[in-house]
Structure formats: structure tokens, C-alpha cells
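# Descriptive analysis of the structure
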Amino acid sequence: MSRIFITGSTDGLGRAAAAVLMGQGHDVVLHARTRERASALSDLAPDAAGVVIGDLSSAAQTRELAAQVNRLGRMDAVIHNAGVYLEPSRATTADGHAKTLAVNTLAPYLLTALIDRPDRLIYLSSGLHHAGAGSLRDLDWTRRSWNAAKAYSESKLHVTALALTLARAWPEVLANAVDPGWVPTRMGGPAATGDLEMGYLSQTWLAVSTDAAAIVSGGYWYHRQRQAPAAEARDPAFQDQLMARLAALTGIPLL
């Protein structure tokens, strides 16, 4: 059995993935943004390996979240599921960053750098990452007029590139990105037409499966099928520039 940490596991895809993995007998560490949000885990928490609390829009809380995870022991896999979607404004965080960048890009980067290195890393991407080109020119939206859809697309390009960077830099770790599709969660909305079950089973499969097809690194997946990610995400020069920018923004080098 594996020990898995899932960010954003109070609802949606993260909660569904946690329930599946726990049902299979795995030790799952759950995450909630606040203690109030953790109340939504009252049915899962008694059987979980732990519940950690931290707001991913805050660098300080994200760092403390990593410390909480490490105190529970080394994880076999981490699923970076938490995210925000169409923020109506830049919504500057306490650290001065755009909230979309802070939660969707900086938080998974920080957690990756600070959590004891697991065997497997899964990052929730989106097909919209294909529309994220050119983000390095104004990564934190300090010069451009706010565009929520573009900011989201860029953030998903970042985590896709992060997964592929780690597959290249950390050969001992299986690092993959997953597009769950447009699924009817709180984030996706009731009009979403995607397959919710396949939306979370791809990441649970990559987190624990011993199938030869799942024991790979550097993939971009949709419904357990490898797809071609955006060219920038695959480009080592873009990857290196992105890692340098994220290290500068967070003060923590990953590589």
C-alpha cells in the first residue's frame, strides 16, 4: 500500500481521488485550505493518514503545509490537485502575486521543493494549457490587463512544464501531468460535459498502479491516454527559464 498526499481534497476531483485510494486501502493525507473547510472531510478524515491545513495563496502557509506533510513521514506519491479557475481580478495575495499564479503555479512549485521527495508526482493540468504561450514575458500579471482565462491557461502550462522538467531532472521520480477534462465539479460547473470518473481515475492510476503503462515519467495524460502537450512545455529552454523565474519569485531553487 502507498502513502499519498492530495492537495485540494475537500471537494471535486481531489476528494474523489482520495475516496478511491482510501477505498483501495492506501494511506491518504488530505488537505484543506482552512480548518473550516476541513469540516467537509468529516466522513473521510477518520480513515485518513492525516489532514493538513494551509491556504495555497499564501507562501508562508504553503511552506508550513509542506512542513506538516513532512512531519507525517515520506509520501510515496503527491497529487497536486488544488487550483483556482477564473478569478475575476488579479486578486493580489499578501505576497503581492496574482492569486491564479500563487495557487496554481507557485504553490505546487514550493510544495515540490519542500516536501520530501516522493516516488511519484502528478500535476493537474488542463487542455487549456495549449493557450498559455508567452507567459514568461509577464508571469505575474504586473503589466498586462487582467485576463482570467489567459492567466488560468498560463498557470496550467507552468505545471505541465514543471512535471516535464522534473521527469528530465529527477530520473528517480515518476513525474506526470494530467488533463482531467471539463468535468462537473464546483470548479468546472454543472454544464461540464466531461467524464468525472475518468477525470480522477487517471491520477489515482498514475499515483499507485503497478501497470507497466503507469510506471512512466514525463507524460501528459488524458483519460489514461498519453497526449501531446504544448510545445513550450516540452522545450528545455522554456523549462529552464520558468524554473529560474519561479525560484526568483519564491526564493527557493528547485533544481
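Residues numbered from 1 in each chain as written. Predicted model: local features only at pLDDT ≥ 70, side-chain atom pairs only at ≥ 80, totals over all residues. Heavy atoms only, no water.

### Considering helix α5 (residues 148–169)
Defined as follows: Here a strand is any run of E in DSSP of at least two residues, a helix any run of H or I of at least four, and the numbering for each starts at the N terminus. Each residue after the first adds 1.5 Å to the expected span of a helix. Definition of a polar contact: a pair of N or O atoms within 3.5 Å, with one able to donate and the other able to accept a hydrogen when the atoms are protein atoms, and with sequence-neighbouring residues admitted only if both atoms are side-chain atoms.
For α5, built from 22 residues, the straight-helix expectation of 32 Å at 1.5 Å per residue is met to within 8% by its first-to-last C-alpha distance of 31 Å. Of the residues flanking the start of α5, the one acting as N-cap is N147, its side-chain oxygen 3.2 Å from the backbone nitrogen of A149.

### Things to note about the packing of helix α4 (residues 99–114) against α5
Just so we agree on the cut-off: Between N-to-C directions, angles cover 0 to 180 degrees, with each direction set by a line fitted to C-alpha atoms, over the stretch in contact for helices. Roughly parallel covers angles under 35 degrees, roughly antiparallel covers those over 145, roughly perpendicular covers 65 to 115, and oblique covers all other angles. Here is the rule for handedness: rotate from the far helix to the near one, and if that takes an anticlockwise turn smaller than a right angle the crossing is left-handed, while a clockwise turn gives right-handed. By definition in these notes, contact holds between two residues if any of their heavy atoms fall within 4.5 Å. Under this grouping Gly is polar, as are all residues other than the nonpolar Ala, Val, Leu, Ile, Met, Phe, Trp, Tyr, Cys and Pro and the charged Asp, Glu, Lys and Arg.
Relative orientation of the contacting elements α4 and α5 amounts to 15 degrees, with a least axis distance of 8 Å. Considering their axes alone, α4 and α5 lie roughly parallel with respect to each other. Seen along the crossing, α4 lies across α5 with a hand that is right-handed. In contact with T100, L101, N104, T105, P108, Y109 and T112 of α4, α5 contributes A151, Y152, S155, K156, H158, V159, L162 and L166. Here the contact of α4 with α5 is composed, by residue class, of eight nonpolar, six polar and one charged.

### Some thoughts on the nonpolar core
Heads up, the condition is: Remark: nonpolar core denotes a set of buried residues (Ala, Val, Leu, Ile, Met, Phe, Trp, Tyr, Cys) joined through side-chain atoms within 4.5 Å. Between buried and exposed lies partly exposed: a residue is buried under 20% and exposed over 50% of the maximum accessible area for its type, with that area taken using a 1.4 Å probe on protein chains only.
F5, L121, L166 and L242 are the most contacted members of the largest nonpolar core, which has 44 residues in total. A per-element tally of this core places α5 first, with eight residues. Sequence-distant contacts of L121, that is, excluding residues within four places in its chain, are made with V78, H80, T112, L166, W170, V173, L174, A175 and N176. Membership of the second largest hydrophobic core comes to 29 residues, among which are L124, W205, A207 and V208.

### A word on unusual backbone geometry
Notably, A91 is not glycine yet its phi reads approximately 50 degrees, a positive angle. Turning to its location among the elements, A91 is positioned in the loop between β4 (77–80) and α4. In this structure, W141 is a non-glycine residue whose phi angle is positive, near 55 degrees. By the element assignment, W141 lies in the loop between β5 (120–124) and α5. Classification of W141 by relative accessible area gives buried; the value is 6%.

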